[in-house]
Amino acid sequence: MLDFPILSLLTFLPLLGAAFILTIRGEPEMVARNAKYVALYTSLFVLALAGYMLKNFDGSSGDFQFVEKVTWFPSLGISYHMGIDGISVFFVALSAFLTPICILASWDSIKKRVKEYMVAFMVLETFMIGTFCALDTVLFYIFFEAVLIPMFLIIGIWGGPRRVYAAFKFFLYTLLGSVLMLAALLALYFHAGSTDIPTLIASPVARNLQFWLFIAFFASFAVKMPMWPVHTWLPDAHVEAPTAGSVILAGVLLKMGGYGFLRFSIPMLPEAAEYFAPMIYWMSIAAIIITSLIALVQEDMKKLIAYSSVAHMGFVTLGIFTLTAQGVQGGLFQMISHGVISGALFLCVGVVYDRLHTREISRYGGIVKNMPIYATVFMLFMLGSVGLPGTSGFVGEFLVLLGAYRVDPVVAFFAATGVVLGAAYMLMLYRRVVFGPAVHQDAGEMQDLNWKELVNFVPLVALVLWLGILPGVVLDKTAASVNKLISQYEAGLVVTTPVDEPPRDAVQEPVE
Amino acid sequence: MTAAVWNWSEIIPALPEVFLAVSAMVLLVLGACQKNGGLKLIGTLSVAALAVAMVLTLKADWTPVTVFSGQFLSDGFSSYMKILVLGGLIATIMLSMRYLVQENMGRFEYPVLILLAGVGMMIMLSANSFLSLYVGLELQSLSLYVLAAIRRDDAKSSEAGLKYFVLGALASGMLLFGISLVYGYVGAVGFDAVADTLAAATAEGTVAPGAIIGMVFILVAIAFKVSAVPFHMWTPDVYEGAPTSVTALFAIVPKVAAIGLLMRLLFDPFVSLMPDWQQVVWFLSAASMAWGGFAGIVQGNIKRLFAYSSIGNIGFALVGIVAGTADGVAASILYMTIYMIMTAGTFGIIMMMRRNGVAVERITDLAGLSKTHPACAYAMTALMFSMSGIPPLAGFFGKLVVFQALIASGFYVLAVLGLVSSVVAAYYYLRIIKVMFFDEAEAPLDRESAPMRTLVLTLSIIFIAGFVLVPETLMHTSQEAAAVLLPAND
């Protein structure tokens, strides 16, 4: 245990950085340069701090660690309660890892309003890390929802031609899901008299109420994941967002949905989770197969990767709702791995986009000749996304399928077809962009990766291989918490919750 | 007739009102003696008078005390609401001084009328009988009718004034009709007597339907004043037609007073009819939230937009009243406080919208504001996100507490309806941000400095951004105010 509030530091240091950037004045160019450096150093410091946290994190315990608790809003019983366990620790690390990469990726490609851009990213980092550290439902909700503000601005100000449409769709879709979750959180608060997550996990909820609450939570997390059929905001948001926005969106924001399932839906509402699990299997399978097929016909690189994200998230939800240790571990691992790989794939798209200003697949081709390093890097991430053994993508999918097989072999069979389809669309993308005839002259004249880009890709490459070869570094730290989650879930099923008084519900409401 | 038992000490609880009324008279005479308007002097003195009244209210003894033969009541609830009203009036005058000069409306009657409206609102909030209630309400309304039409050579302003007056008179008529029904069936006009009689009748199950009908008429009249759907029709037209500074006043202050009055009525004389009025308020609240959300989407005029926004927000404030608990009332009070401060900031921006010396009020006139006036654009962005209820801004906490109270009382359907409406409303708040940040400006708005307005705007921003750090203070005060109203109700 550490003797300083590391989680608060992690969360609010970026905000401090943002405040500092805001005070920068002077020549526009100097301001832009200084803003970039401040953002980079702040995020690197946060990354170092996150590394230190990871090192001190005790993987043998499933309890919350680095806990901080301060009374904050006593008349509603809300406290500032932070803490992480094996489920959240890697999401914090992932957020801290991807932010400096995003800032580097935007170094030259963002030309207007650089200062505001960096402020938005710093604020975004605060909210992301806060979401994963919060142990109070209201605090969680504040961070979870606040993420929308910087992301809306990032898509809307620095995005592509249809950015306004995409930003609105992103914002309103997720907000609609979130407010339903807010209703559920308030109902939980009314029921258990607390907004404290550990307390809520420990207090059983009546079965009939569980179903309603589960649906409300599901509305929020399924949109955020996103699960088929509420995924349609994602391709739009991805296509229009600037490269770094896409990286963060795919890398971290989507994971908030999966994290929410693990933190709220399963431990707090076990009976409903069990009841709805079969429905979620089939929704996941639909996501995997349908969106893979959609990905096959995409002509836009970012859209293709966006659809592949939906398919990969289908694996995550499938794994989580197998409600077995393997499945949940697999889902968690898949989320972390997808965070790195899809982030990296969007960066790969960003590299060629910066040069040719188009994402159309058919405008490229044969670029392996002039961009060999790029082709190699891209291939590695492509294979990672396909799930080649030795890359991180393999471990997650394998564990998920293992968990699914234990629950229902038919489900596992259909899910496995997604692996084949995934290989099909990714290989096709790679073939059309990197190999094939070099028909476009401008594509053939593109420069290979410059050193800045290369530096940016190195940690991602290392991580994909490292996690693929030694998945234990993650799985060992998550195992205790996952086991605890599963035992909480099973204990929740055994407790025959008394049919206590039905909520004073809609029935009593006057209907006008 | 026996000699009236008149004790001078009775005036002490009403000192703020008396002071304000006397100041208004003095300023009226003083203004009439000034050459060419004297707006600046009278305006400054009005702010000072309001500030003094605020201090008097703040320093007064907050223990409940009834004076003037039971007509006037001063307690923690009324004092808290009065402080809100006075604060709102001060903010409004500070916001509008420059606008009045620019628009050639620099007449000294303007601040004096605001003072008189303030006296009316304070009497409303302290009313302890239907008679004093009516007097207060009419004093307030008449001052506001004149203000709406103060630009008498402008057709739109005159139209707004007339519309407001006609519909307001209709509401007053309903109020009187309701009061007479209640008097007829209950036999009293004092709140305490009505409450006792109704409580006894409820216990015996012999509440006269006429009394309930009377209560509904009174509710309808107040619904007119707070512009709850379906009694909101005047709001968009009046907001659009009235001079912007008057619109700001309408949006910021009278609703706080009317909501306070509504709380007083529902939880004091009519508390034993709660199941009956809950149905009515449930509908008012649901309809206001939904209509305020949907109808705002198609608006192009920013003042009209904020008319619908205010309708929606009243719906959210009513949510806390539907809950029918002390927590609910506290939540509503907090909601109105936050709403008032956000609106003050928003109108600070709207009054800034001038191009080549002419006030503009299309939403599209804000295009490119983030390039030409970055500070204003950021302030407006914070305000709009706060209005849509996005954490960590203050607006979120307002919504959080009202819905928390609502769900604790078991109204799940209304909670979901309200939350979904808030998403619909978020669309038009976001559209303003979109216009400021994502669109290019055609011609920039004027640059001008109005220190008073900037001060109000700055305070508003500090409040909405800083509320997250100390949510407890204000919540605690609201709870204390609510506890006065519902001492043993939970």
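Asks: For the overall build of chain B, give the residues involved together with the corresponding values.
Replies: Counting its secondary structure elements, chain B contains 20 helices and 4 strands. For chain B, the C-alpha radius of gyration of 22 Å lies close to 23 Å, the compact-globule estimate for 490 residues. Dimensions along the principal axes, computed over C-alpha positions, put chain B at roughly 70 × 60 × 40 Å. By residue count, 64% of the 490 residues in chain B fall in the buried class. Taking the contacts inside chain B whose residues are at least 6 apart along the sequence as the reference set, 82% of them involve residues at least 24 apart. As presented, chain B carries roughly 16500 Å² of accessible surface, and 69% of it is formed by carbon and sulfur atoms.

Asks: Please give an account of the overall build of chain A that cites residues and values.
Replies: On a plain count of helices and strands, chain A comes out with 20 helices and 2 strands. Here the C-alpha radius of gyration of chain A, 22 Å, is about what a compact globule of 512 residues would show, namely 24 Å. Dimensions of chain A, computed from C-alpha atoms along their principal axes, come out at roughly 75 × 60 × 55 Å. In chain A, which comprises 512 residues, the proportion classed as buried is 66%. Across chain A, contacts joining residues at least 24 apart in sequence account for 82% of those joining residues at least 6 apart. Summed over its atoms, the accessible surface of chain A is roughly 17500 Å², and 67% of this surface lies on carbon and sulfur atoms. Considering chain A, the positive charge centre built from 29 side chains and the negative charge centre built from 34 side chains are found 9 Å apart.

Asks: Before we move on, could you go through the interface of chain A and chain B and cite the residues and values that matter?
Replies: With 42 residues of chain A at the interface, the matching set in chain B holds 44 residues. For the pairing of chain A and chain B, the buried interface totals around 4100 Å² over both sides, and the portion due to carbon and sulfur atoms is 78%. Those elements giving two or more residues to the side of chain A that touches chain B turn out to be β1 (65-73), α4 (114-133), α5 (137-146), α6 (148-158) and α7 (163-192) of chain A. Tallied by class, the residues present in the side of chain A that touches chain B amount to 32 nonpolar, 2 polar and 8 charged.

Asks: So, a nonpolar patch on the surface: which residues are in play, and what are the values?
Replies: Residue and element names in this part refer to chain A. On the surface, L465, W466, I469, L470 and V473 cluster together to form a nonpolar patch covering roughly 460 Å² of accessible area. Residue contributions to the nonpolar patch peak at 3 residues, all from helix α19 (residues 451-469). On the accessibility criterion, W466 (45% relative accessible area) is partly exposed.

Asks: With reference to specific residues and values, describe the environment of L460 of chain A.
Replies: Residue and element names in this part refer to chain A. Looking at the secondary structure, you find L460 in helix α19. A residue is classified by how much of its surface remains accessible, and L460, at 0% relative accessible area, is buried. Taking the C-alpha atoms as reference points, L460 and V340, separated by 120 residues in sequence, lie 6.6 Å from one another.

Asks: Let's hear about the pattern of salt bridges: which residues, and what values?
Replies: Residues and elements named next belong to chain B. Summed over the entire model, instances satisfying the criterion amount to 24 salt bridges over all chains. In this structure, E240 engages K156 in a salt bridge whose closest nitrogen and oxygen atoms are separated by 3.4 Å. In this pair, E240 is assigned in helix α9 (residues 234-241) and K156 in helix α6 (residues 155-186), connecting sequence segments 84 residues apart. A relative accessible area of 18% places E240 in the buried class. Judged by relative accessible area, K156 falls into the partly exposed class, the value being 43%. Here the salt bridges do not stand alone but share partners, grouping K156, E159, K163, D237, E240 and R304 into one network.

Asks: Describe the state of the cysteines, listing the residues and the values that go with them.
Replies: All names here are of chain A. Across all of its chains, the model carries 0 disulfides over all chains by this definition. Note on C348: no disulfide assigned, nearest cysteine sulfur contributed by C102 at a separation of 14 Å. Judged by its relative accessible area of 0%, C348 is buried.

Asks: Describe in detail the confidence of the model for chain B, supporting the description with residues and values.
Replies: When pLDDT is averaged across chain B, the result is 89; 98% of the residues are at 70 or more. Interface confidence in the predicted complex, given as ipTM, is 0.88; pTM for the same model is 0.90.

Asks: Give me the nonpolar core: which residues, what numbers.
Replies: One recurring pattern in soluble globular proteins is that nonpolar side chains are buried together. Core analysis: the largest hydrophobic core is formed by 391 residues, its most contacted members being F270, W277 and F306 of chain B. Considering every element that reaches this core, the biggest residue donor is α7 of chain A, with 17 residues. Residues contacting F270 of chain B, with those up to four places away along its chain left out, are F130, V182, V194, L198, M215, I218, L265 and W277 of chain B. Formed by 5 residues, the second largest nonpolar core is a distinct cluster that contains V229, A295, Y308 and I311 of chain B.

Asks: Give me the lowdown on the packing of helix α13 (residues 302-323) of chain B against helix α16 (residues 374-387) of chain B, citing residues and values where you can.
Replies: Residue and element names in this part refer to chain B. Their axes nearest at 12 Å, the elements α13 and α16 cross at an angle of 35°. Along the contact surface, α13 presents I302, F306, S309 and N313, while α16 presents M380, M384 and M387. Residues of the contact of α13 with α16, tallied by class, amount to 5 nonpolar, 2 polar and no charged.

Asks: Lay out the confidence of the model for chain A in plain terms, naming residues and giving numbers.
Replies: Mean pLDDT over chain A works out to 86, with 96% of the residues at or above the 70 mark. Note that pLDDT drops below 50 for residues 499-512 of chain A; the model gives that stretch 25 contacts with residues more than four away or on any other chain.

Asks: Provide a residue-level description of helix α14 (residues 325-356) of chain A, including the pertinent values.
Replies: Between its terminal C-alpha atoms α14 of chain A stretches 46 Å, which fits the 46 Å expected from 32 residues at 1.5 Å a residue. Within α14 of chain A, the axis deviates most sharply at H338 of chain A, by approximately 25°.

Asks: Describe in detail the pairing of strand β2 (residues 78-84) of chain A, supporting the description with residues and values.
Replies: Working note: regular strand, side chains alternate between the two faces of the sheet. Residue and element names in this part refer to chain A. Here β2 lies mainly inside the structure; 7 of its 7 residues are buried. The two faces of β2 match: I78, Y80, M82 and I84 on one face and S79, H81 and G83 on the other face are all buried. Bridge count for β1 against β2 is 6 bridges, and the pairing is antiparallel. Considered in β2, the bridge of V70 is made with Y80. Once β1 ends, the chain turns through 4 residues before running back antiparallel as β2, passing G77 with a positive phi of about 70°.

Asks: Explain the packing of aromatic side chains to me, using residue names and the numbers behind them.
Replies: Residue and element names in this part refer to chain B. All chains considered together, the criterion is met by 64 aromatic pairs over all chains. Look at F130 and F191: their rings are 5.1 Å apart centre to centre, the planes differ by 70°, and that puts the pair in the edge-to-face class. Of this pair, F130 sits in helix α5 (residues 130-148) while F191 is found in helix α7 (residues 191-204), placing the two residues 61 residues apart along the sequence. Accessibility assignment for this pair places F130 and F191 in one class, buried. With centroids separated by 6.0 Å and ring planes inclined at 35°, the aromatic side chains of F130 and F270 adopt a geometry described as tilted. In this pair, F130 sits in helix α5 while F270 sits in the loop between α11 (254-267) and α12 (274-296), placing the two residues 140 residues apart along the sequence.

Asks: Tell me about helix α9 (residues 207-224) of chain A, residues and numbers included.
Replies: Since the α-helix turns once every 3.6 residues, residues separated by three or four places project in the same direction. Residue and element names in this part refer to chain A. The terminal C-alpha atoms of α9, which comprises 18 residues, lie 25 Å apart, in line with the 26 Å expected from a rise of 1.5 Å per residue. The sharpest bend along α9 measures roughly 25° and falls at F218. Across the 18 residues of α9, 13 count as buried, placing the element largely inside the fold.

Asks: Requested: an account of the side chain of Q278 of chain B, with residues and values cited.
Replies: Residue and element names in this part refer to chain B. Note on placement: Q278 falls in helix α12. When its relative accessible area of 15% is taken as the criterion, Q278 is described as buried. Beyond its immediate chain neighbours, meaning those up to four positions away, Q278 contacts V322, A323, G324 and F411.

Asks: Explain the packing of helix α14 (residues 326-350) of chain B against α16 of chain B residue by residue, including any values.
Replies: Residue and element names in this part refer to chain B. Between α14 and α16, the least distance of the axes is 10 Å, while the angle of their chain directions is 145°. Both α14 and α16 take part in a crossing whose hand is left-handed. Residue-level contacts link M342, T343, G345, T346 and I349 of α14 to C376, A379, M380, L383, M384, S386 and M387 of α16. Partitioned by chemical class, the residues of the contact of α14 with α16 number 8 nonpolar, 4 polar and no charged.

Asks: I'd like to hear about unusual backbone geometry, residue by residue, with values.
Replies: Cis geometry marks the peptide bond from V229 of chain B to P230 of chain B, where omega comes out at 5°. Take P230 of chain B: it is sitting in the loop between α8 (209-226) and α9. Located in the positive-phi region is F66 of chain A, a residue other than glycine, with phi close to 50°. Here R113 of chain A, not a glycine, exhibits a phi torsion of approximately 50°, which is positive.

Asks: Please set out the side chain of Q210 of chain A residue by residue, giving values where relevant.
Replies: Considering the arrangement of structural elements, one finds Q210 of chain A in helix α9. Excluding its chain neighbours within four sequence positions, the residues that come into contact with Q210 of chain A are V205, M268, L269, P270, E271 and A272 of chain A.

Asks: Break down the environment of Y335 of chain B for me, citing the residues and quoting the values.
Replies: All names here are of chain B. Checked against the element boundaries, Y335 lands in helix α14. A relative accessible area of 4% means that Y335 is categorised as buried. Here the alpha-carbon distance between Y335 and V402, two residues 67 residues apart in the chain, equals 7.4 Å. Ignoring anything within four residues of it in the chain, the contact list for Y335 reads N313, F316, A317, G398, K399 and V402.

Thresholds applied
Residues numbered from 1 in each chain as written. Chains lettered and ligands numbered in written order. Predicted model: local features only at pLDDT ≥ 70, side-chain atom pairs only at ≥ 80, totals over all residues. Heavy atoms only, no water. Helix = DSSP H or I, 4+ residues; strand = E, 2+ residues; numbered from the N terminus. Rg over C-alpha atoms; globule rule 2.2 N^0.38 Å. Buried < 20%, exposed > 50% of the residue type's maximum accessible area, 1.4 Å probe, protein only. Contact = heavy atoms within 4.5 Å. Areas by Shrake-Rupley, 256 points an atom, 1.4 Å probe, with all protein chains shown as cover. Lys, Arg positive; Asp, Glu negative; His and termini not counted. Charge placed at Lys NZ, Arg CZ, Asp CG, Glu CD. Buried area = accessible area lost by both parts, 1.4 Å probe. Nonpolar A, V, L, I, M, F, W, Y, C, P; charged D, E, K, R; others polar. Patch = residues over 30% accessible without salt bridge, like charges linked within 9 Å, V, L, I, M, F, W, Y side chains within 5 Å. Salt bridge = Lys/Arg side-chain N within 4 Å of Asp/Glu carboxyl O. Disulfide = S-S within 2.5 Å. pLDDT = per-residue confidence, 0-100. Core = buried A, V, L, I, M, F, W, Y, C linked by side-chain atoms within 4.5 Å. Axes fitted to C-alpha atoms, helices over the stretch in contact; angles between N-to-C directions. Expected span 1.5 Å × (residues − 1). Bend = angle between axes of the 7 residues up to and from the residue. Pairing = 2+ DSSP bridges. Phe/Tyr/Trp six-rings, centres within 6.5 Å; stacked < 30°, edge-to-face > 60°. Left-handed = near helix turned anticlockwise from the far one by under 90°.

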